[in-house]
Amino acid sequence: AVRPRVEACLARITGGQMNTLAEYGIVENERSFLVHGPVTLRFETGDLQIGLLGSPVRIAATDMRRAKIETTATRCLTVENAAMLHELAKSGSGTLLASSGSEGGFANSAVLAFLQALDSNIELWHFGDSDPKGFDILRDLRERSGREIRSLHMKFRSTGNLQHSLDAVDHGAIDRLISSKFLTSMEKAELTKLRAAGFKGDFEQESLGQPAREWPFYSMDTAF
């Protein structure tokens, strides 16, 4: 959405002499994401059976758009941190796993194309960090995908390092998220706890330790 606006400004500034960033040698990288689990991408020229692979693989947005997706999974989990995605992939749980962005983080066009192509009867979940950015990634994923996505293990854990205190940006993000229609009341309650504590706690996914082999991977309340 940003690129067209930039190029429109560029055309005005140069009087139409230069209309695209490519004319300056600025080329946008292909959007991609990591995926793992029982899924097959069917192309006109053949099939790619990702389920045969032991580790997550990177798929580009252009390939996602020209493929038909088939999966035996009943559940898909997007994961914020790539390191956690690789750990979960080792379990062989049968859950379809995908990064929330290129290496996690905010969703890009490849992730959105993937989620929108999945059958409507597949449960969608997101597992992210339990800090303001983590909840913002969840909000963004729901808003831009247009899909119903449940959150997994995203709770304020007060045992964390007090050095991870909330700054003005964090407080602004919390206020915005609490007023968002794309977060549930229980998720907003966790943000309220975080704001009251004044620090992020053990917000990183990795602080939960080694995941179990079966869903939901950690012995916590699962859903919001």
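Description of the structure in this document. All figures in this text were calculated on a predicted structure; none of them were measured in a lab. (Residues numbered from 1 in each chain as written. Predicted model: local features only at pLDDT ≥ 70, side-chain atom pairs only at ≥ 80, totals over all residues. Heavy atoms only, no water.)

## Some details on the overall build of the protein chain
A count of helical and extended segments in the protein chain gives seven helices and nine strands. For the protein chain, the residues scored as buried account for 47% of the 224 residues in total. Carbon and sulfur atoms make up 51% of the accessible area of the protein chain, which amounts to about 11,400 Å² in all. (Helix = DSSP H or I, 4+ residues; strand = E, 2+ residues; numbered from the N terminus. Buried < 20%, exposed > 50% of the residue type's maximum accessible area, 1.4 Å probe, protein only. Areas by Shrake-Rupley, 256 points an atom, 1.4 Å probe, with all protein chains shown as cover.)

## Quick look at the sheet that holds strand 5 (residues 68-71)
If you walk across this open sheet you meet the three strands as 3-2-5, and the pairing is antiparallel. The sheet is open, and its two borders are formed by strand 3 (46-49) and strand 5, each paired with just one other strand. Mean inter-strand twist for the sheet, computed between neighbouring axes without regard to direction, equals 25°. Relative to strand 3, strand 2 (residues 39-43) runs antiparallel, the two being bridged by four bridges. Within strand 3, the residue paired with Leu41 across the bridge is Leu48. (Pairing = 2+ DSSP bridges. Axes fitted to C-alpha atoms, helices over the stretch in contact; angles between N-to-C directions.)

## Brief notes about the nonpolar core
If you look at soluble globular proteins, the nonpolar side chains tend to sit buried side by side. Ranked by internal contacts, the top residues of the largest apolar core, which has 38 residues, are Phe33, Phe114, Leu115 and Leu118. Taken together, the elements giving at least two residues each to this core come down to strand 1 (32-36), strand 2, helix 2 (61-65), strand 7 (96-99), helix 4 (109-117), helix 5 (132-145), helix 6 (168-178) and helix 7 (185-197). Sorting elements by how many residues they give to this core places helix 4 first, with six residues. Once residues lying within four places of it in the same chain are set aside, the contact partners of Phe33 are Val57, Arg58, Ile59, Met64, Ala98, Ser99, Gly101, Ser102, Ala110, Val111 and Phe114. If you look at the next biggest cluster of nonpolar residues, it comprises 15 residues, including Trp125, Phe127, Leu208 and Phe217. (Core = buried A, V, L, I, M, F, W, Y, C linked by side-chain atoms within 4.5 Å. Contact = heavy atoms within 4.5 Å.)

## Remarks on helix 4
Listing the buried residues of helix 4 in full gives Ala110, Val111, Leu112, Ala113, Phe114 and Leu115. The opening residue of helix 4, the one whose side-chain oxygen lies 3.0 Å from the backbone nitrogen of Ala110, is Asn108. (Polar contact = N/O pair within 3.5 Å; in protein donor to acceptor, adjacent residues only side chain to side chain.)

## Quick word on helix 5
Spanning 14 residues, helix 5 covers 20 Å between terminal C-alpha atoms, matching the ideal 20 Å at 1.5 Å per step. Counting buried residues in helix 5 gives eleven out of 14 residues, a clear majority hidden from the surface. Within helix 5 the residues assigned to the buried category are Pro132, Gly134, Phe135, Asp136, Ile137, Leu138, Arg139, Asp140, Leu141, Arg142 and Ser145. Of the surrounding elements, those touching the buried residues of helix 5 are strand 6 (75-79), helix 4, strand 8 (123-127), strand 9 (150-151), helix 6 and helix 7. (Expected span 1.5 Å × (residues − 1).)

## Concerning the sheet that holds strand 4 (residues 57-60)
If you walk across this open sheet you meet the six strands as 4-1-7-6-8-9, and the pairing is mixed. Each having just a single partner strand, strand 4 and strand 9 make up the two edges of the open sheet. Bridge count between strand 6 and strand 7: four bridges; the pairing is parallel. Along strand 7, the bridge assignment pairs Cys76 with Leu96.

## Thoughts on the side chain of Lys188
With respect to the element layout, Lys188 can be found in helix 7. With residues up to four places along the chain from it excluded, the contact list for Lys188 reads Leu177, Ile178, Ser179, Ser180 and Leu183.

## A closer look at the packing of helix 4 against helix 5
Across the interface, helix 4 lies against helix 5 with an axial gap of 10 Å and an inter-helix angle of 60°. Compared by their axis directions, helix 4 and helix 5 come out oblique. Of the two elements, helix 4 crosses helix 5, and the hand of that crossing is right-handed. Facing helix 4, whose interface residues are Val111, Leu112, Leu115 and Gln116, helix 5 presents Leu141, Arg144 and Ser145. Of the residues belonging to the contact of helix 4 with helix 5, the class tally is four nonpolar, two polar and one charged. (Parallel < 35°, antiparallel > 145°, perpendicular 65-115°, else oblique. Left-handed = near helix turned anticlockwise from the far one by under 90°. Nonpolar A, V, L, I, M, F, W, Y, C, P; charged D, E, K, R; others polar.)

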